[in-house]
Structures are given as structure tokens and as C-alpha cells.
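# Structural characterization, general
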Amino acid sequence: MIPNIPETRLKRVVIVGAGFGGLELAQQLEGLPFQVVLIDKNNYHQFQPLFYQVATAGLEPSSISFPLRRVFRDNPNFVLRITEFYEVEPETRIIRTGLGPISYDYLVFAMGADTNYFGLKGVAENAIPMKSVSEALALRNTLLQNFEDAITADTDDELEGLLNVVVAGGGPTGVEISGTLAEMRKTVLPKDHPEIDFGQMHVTIVEAGPNLLGPMAPASQQKSREFLEEMGVTVRTGTQVKDYDGRHVTFSDGTKIRSNTLIWAAGVKAIDIKGLPAEAKGRGGRLLTDPYNRLRSHPDIYAIGDIALTTEEKYPDGHPQVAQPAIQMARNLARNFKAMAKGKVLKPFRYKDLGSMATIGKNKAVAEIAGFKFQGFFAWAVWMFVHLISIFGVRNRVSVFFTWAWSYITSDQNLRLILSPKKPAKPKERTGFSFEAISKAARKAESV
């Protein structure tokens, strides 16, 4: 296999990762005197904030995914290669990929972050993360199959394990999926499975810190907790998951919950970049960058988004690992690439916090935007609007809008499908005489 990237006179910018930052940077560089090479293991962009709705059968995966080639089909200086990134060789300005070596003039890491299990082996082996569309689908299949299996459960212990769900992590993802599961328990699941008493189903959210939605204001934290508890969710703060064997969730205070499903939304860590020295990495494995998003150890290598540790006075430990910092870094870096091409002065990155929000359920949300804090229906409507306009592609926006509208009116979803990939069939045993069998028979006949 070869990368098959055309050679040009233009400087080559290689971007690894097509998340919010990588995709935005590639778009912003269109029309500038650079050849842009985008590397990703998927041929589509994923809208991560709505993974939880795929996991709870609220949206189809295709509604929050967009094919990358369609974005750049009219850009002659753009190259997309679907492959795995292995390592970087800064001395030779080459990255190693599944397609072979790719050279660069400028390299930008925009690979985001991966699930952090904090060294808990049992959790890593048995919990279900939600950092990709495929993981969200795996969670959807697990939840729906559990409800099917609960109908025929032999014992109360088995039924308890199938119905109980524990969510680890009190950030927006954990809060949102807990609220959605609580709504499904009330409005959807009893109609689908009348044989099951869903009063026995318990949804528990666990947060190691003292409050849910840690970065938000105390009023938002308290309101989100009130919303969840009103919906019947058990909220446990100030404790953390210490182990999970697939049947029992064990907490730091020694208590246990019987559950076959632990949803892990408790933390992220930067993806490890092989080929860079240890001094290039900071807290959580994030790449240490200067105000211009350049690696402090390698000025021709850049990092943006979750994988970057760019500090400001207000953010001494780095920026929040969410979409907005990645998008803003990408836009600033694109302006700096343009400035470099013209020999102009570069502009340091300054993050502008546009606010935070989380939805808990129908007409229930908390939001903090431009210094204003609000909860309830208005916050929920703002959350819906912001996420709708942020989804890539007009068709996807229309699809999500009508799906949400139908769900709002009917308090139902039509996407509860268990779609497991088909495993390849085992090769059938050959019939008749094989060459070895014929030879063995011939040798036997000769000996006689």
C-alpha cells in the first residue's frame, strides 16, 4: 500500500484527525497556498455531543455523521487518506501510517482524546464508553438487548442486573444520558415491554466531585441535580467507581450495585503520540504548545483541540476539552498559516468562552451564555437550537429537526433497532477426498 499523494510546489500541511478542530482547519485552509492532507481512520466526521442520543435510540448514526469527501470535493489542493496513524519522525518530517510514510512541511495533530479509565482494569474490560458512533451503537444494542433478555430472566438477580444502569461521570454526557434513560423508562419502555415492571429499573449517576456539571455555576449544578432526582435518577456525588466485573459496580465507599451495564463517561485522556519525547507531553498526555499552537519542542508541529495543552492566565491547566476550543484554535491557526505565507506577524491564541449548557430531559436544561444563567424550557430550547445549527450538513439538520419534533410530540422514538454486525461464518468442513487423504490411502495400498 502507498499513500499516493501527488507532489506539488505547495507547502504541505498534514492534519491528523477529522474532528471539530481538524475539519475546521482543513476548511479554513481552502484557497490558501498549501496542499492540505487530512488523515483519519474514518471517512466521516462525527458530531460527538449527540452520541448519547444515538446510544438511546433517539437519532440514527447517519444523522450526526457527514462524509469527508463530500466536504472537499471541489478543492484541488486537498487530499484525504483513510488510514491509521502510527508514529511521527520529526527528524525526517515523516509520519508513519497504515498506507506507508507521508512527508510534511507542517504537521497538525487534531486527534482529540480517548476514554480514560484511570487504571481500573475491570472497568476498562467491562464498561461501555461513548467516544465514537460505533461505541454509541454498541451501547444502544446492549441496552435494547438487556430489555429483551429481561422478559425471560430466570431469577430476580438476573432481572436486576439487566434493568439497572449505572452512569459514571457527572459531566454533560453523563447528565444527558441519565436523563434520557429516565424518560425512556417512563414513556417508551413500558409500551414496548408490557411484561416488565419498569418500577424495578434504576438509573444511577456517579460523580467523584461534590457536584454534577463541575465547571458550571452552583445554581446550574443544583438545578441539574433537582431535575434528575425529580425524574427518578439516583445521584451519587463525592464517590467514584473503583471496580466493575460486569455484574457488580463497586464504589470507593465500599458499596455495590448489581448491574450488567456501566456507562463510562468519567474522563478523557489525550491520545498517545509515538515518536515524540516525554518532555513534549504534559498533564494527561496532552501536547505542550506555545500561544501559537506550536509544540514547544518542535516548531514545525502543531496541536489543536483536546490533544493540545495551550495555557492562558485564565486556563493555567489548559482549555476545556470540548468542541469550541478546538474550533477556535483551528481558525486562529489557519489565520497564522495565511500570515506565514505572506510574511506577516502571527497572532497568539486567546480562547473566548461562549458558554456551557446541558439538557436533562424534555423541557429541562441548564445554560450559561454570555454571563446569563437560565434553566428549564428556555434553556432547553436554546440547547436544541445551538446543537441543531452546529450539525454538519443541511440534510442532517433537517433529519435531526424532524426526528426531535416527532419525539417531542409523541414522547416516542422509532429507532429502537438492535443492529449487530454479522460475524463471518466458519468455513465448512471439506467433504470428499483431500490431497493428503488420497496420498495416505495410496501409501497404505503400497505397503499392503
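Residues numbered from 1 in each chain as written. Predicted model: local features only at pLDDT ≥ 70, side-chain atom pairs only at ≥ 80, totals over all residues. Heavy atoms only, no water.

### Some words on the nonpolar core
If you look at the biggest cluster of nonpolar residues, it comprises 60 residues, and the most contacted ones within it are L50 and I177. Sequence-distant contacts of I177, that is, excluding residues within four places in its chain, are made with Y52, A55, T56, M130, L139, V167 and I263. Ranked by size, the runner-up nonpolar core spans 52 residues in total, among them Y106, A280, A308 and M329. (Core = buried A, V, L, I, M, F, W, Y, C linked by side-chain atoms within 4.5 Å. Buried < 20%, exposed > 50% of the residue type's maximum accessible area, 1.4 Å probe, protein only. Contact = heavy atoms within 4.5 Å.)

### A closer look at the pattern of salt bridges
Under the criterion given, the structure shown has 14 salt bridges. Across the pair R247 and D157 runs a salt bridge, and its minimum N-O distance is 3.0 Å. Taken as a pair, R247 in the loop between β14 (241-244) and β15 (248-251) and D157 in helix α6 (residues 156-163) lie far apart in primary sequence, 90 residues in all. The closest approach of N and O atoms between D290 and R294, which form a salt bridge, is 2.9 Å. (Salt bridge = Lys/Arg side-chain N within 4 Å of Asp/Glu carboxyl O. Helix = DSSP H or I, 4+ residues; strand = E, 2+ residues; numbered from the N terminus.)

### Some remarks on the sheet that holds strand β24 (residues 372-375)
Either a parallel or an antiparallel arrangement is found when strands of a sheet pair, and the pairing is made through backbone hydrogen bonds. On the basis of which strands lie adjacent, the open sheet formed by three strands has the order β22-β23-β24 and antiparallel pairing. In this open sheet, the two edge strands, each paired with only one partner strand, are β22 (356-361) and β24. Geometrically, the sheet is characterised by an average inter-axis angle of 5 degrees between neighbouring strands, direction not taken into account. Pairing geometry for β22 and strand β23 (residues 364-369), over five bridges, is antiparallel. Its bridge partner being in β23, M357 is matched across the sheet by A367. On the sheet, helix α11 (residues 377-390) packs against β22, β23 and β24 and is oriented at approximately 110 degrees with respect to β22. (Pairing = 2+ DSSP bridges. Axes fitted to C-alpha atoms, helices over the stretch in contact; angles between N-to-C directions.)

### Some remarks on a nonpolar patch on the surface
Residues V394, V398, F401 and F402 make up a contiguous nonpolar surface patch of about 410 Å² in total accessible area. Mapped onto the elements of the fold, F402 is located in helix α12 (residues 394-410). Given the relative accessible area of 54%, F402 is considered exposed. (Patch = residues over 30% accessible without salt bridge, like charges linked within 9 Å, V, L, I, M, F, W, Y side chains within 5 Å. Areas by Shrake-Rupley, 256 points an atom, 1.4 Å probe, with all protein chains shown as cover.)

### Describing the confidence of the model for the protein chain
Per-residue confidence for the protein chain gives a mean pLDDT of 92, with 94% of residues at or over 70. Confidence drops under pLDDT 50 across residues 427-448; counting only partners more than four residues distant or on other chains, this segment forms one contact. (pLDDT = per-residue confidence, 0-100.)

### Focus: α6
Taken together, the buried positions of α6 are L159, G161, L162 and L163. Those residues of α6 that are buried lie in contact with α5 (133-151), β11 (165-168) and β16 (256-258).

### Details of the pairing of strand β6 (residues 85-89)
Looking along a regular strand, one sees the side chains alternate between the two faces of the sheet. When β6 meets strand β7 (residues 94-97), the two strands line up antiparallel, connected through four bridges. When the sheet's bridge partners are listed, E87 is paired in β7 with R96. As consecutive antiparallel partners, β6 and β7 are separated by four residues, and within that stretch R93 has a phi angle of approximately 55 degrees, a positive value.

### Overview of the packing of aromatic side chains
Per the counting criterion, the structure on display carries 17 aromatic pairs. In this arrangement the basic side chain of R236 is found over the ring face of F251, its NZ or CZ atom lying 4.2 Å from the centre. In this structure, K362 is placed above the aromatic ring of Y408, and the distance from its NZ or CZ to the ring centre is 4.5 Å. (Phe/Tyr/Trp six-rings, centres within 6.5 Å; stacked < 30°, edge-to-face > 60°. Lys NZ or Arg CZ within 6 Å of the ring centre and 35° of its normal.)

### Things to note about the packing of α11 against α12
Between α11 and α12, whose axes approach to 9 Å, the crossing angle comes to 155 degrees. One finds that α11 runs roughly antiparallel with respect to α12. Taken together, the residues of α12 that come into contact with α11 (itself represented by F377, W380, W383, M384, H387, L388 and I389) are R397, V400, F401, W404 and Y408. Grouping the amino acids of the contact of α11 with α12 by side-chain chemistry returns 10 nonpolar, one polar and one charged. (Parallel < 35°, antiparallel > 145°, perpendicular 65-115°, else oblique. Nonpolar A, V, L, I, M, F, W, Y, C, P; charged D, E, K, R; others polar.)

### Focus: the sheet that holds strand β12 (residues 203-207)
Taken together, the four strands give an open sheet; going across it, the order is β13-β12-β11-β17, and neighbouring strands pair in parallel fashion. The open sheet terminates on both sides in strands that have one partner only, identified here as β13 (234-237) and β17 (261-264). Put simply, the sheet's adjacent strands are angled 20 degrees from each other on average, direction ignored. The strands touched by helix α7 (residues 172-187) are β11, β12 and β17; relative to β12, the strand with the most contacts, the crossing angle is about 170 degrees.

### Here's the deal with the packing of helix α1 (residues 20-28) against helix α10 (residues 323-342)
Where α1 meets α10, the closest approach of the two axes is 8 Å, and the angle between their N-to-C directions is 25 degrees. Of the possible angle classes, the one that applies to α1 and α10 is roughly parallel. By crossing handedness, the relation of α1 to α10 is classed as right-handed. Across the interface between the two elements, F20, G21, E24, L25 and Q28 of α1 pack against A323, A326, I327, A330, R331, L333 and A334 of α10. Here the contact of α1 with α10 is built from residues that sort into eight nonpolar, two polar and two charged. (Left-handed = near helix turned anticlockwise from the far one by under 90°.)

### Things to note about empty space enclosed by the protein
By the definition in use, this model includes two cavities of 30 Å³ or more. Lining of the largest cavity is provided by A55, T56, A57, R140, L143, L144, F147, L181 and M184. Taken together, the elements giving at least two residues each to the lining of the largest cavity come down to α5 and α7. Of the residues forming the lining of the largest cavity, the biggest block, four residues, is contributed by α5. Of the residues contributing to the lining of the largest cavity, the split by class is seven nonpolar, one polar and one charged. (1 Å grid on protein atoms, 1.4 Å probe; cavity = no way out; pocket = protein on both sides within 12 Å on 5 of 7 lines; lining within 4 Å. Points joined across faces, edges and corners; volume = space filled by probe spheres on them.)

### Digging into the environment of F78
Within the secondary structure, F78 sits in strand β5 (residues 78-82). The contacts of F78, once residues within four sequence positions are left out, are A26, V36, L38 and F72.

### A closer look at the layout of surface pockets
Put simply, the second largest pocket is a space of about 650 Å³. What lines the second largest pocket is a set of 27 residues, among which T180, E183, G361, K362 and S407 lie closest to the centre. Within the residue set of the lining of the second largest pocket, elements represented by two or more residues are α2 (51-55), α7, β22, α11 and α12. For the lining of the second largest pocket, the element with the highest residue contribution is α7, accounting for six residues. Split by residue class, the lining of the second largest pocket holds 11 nonpolar, 10 polar and six charged.

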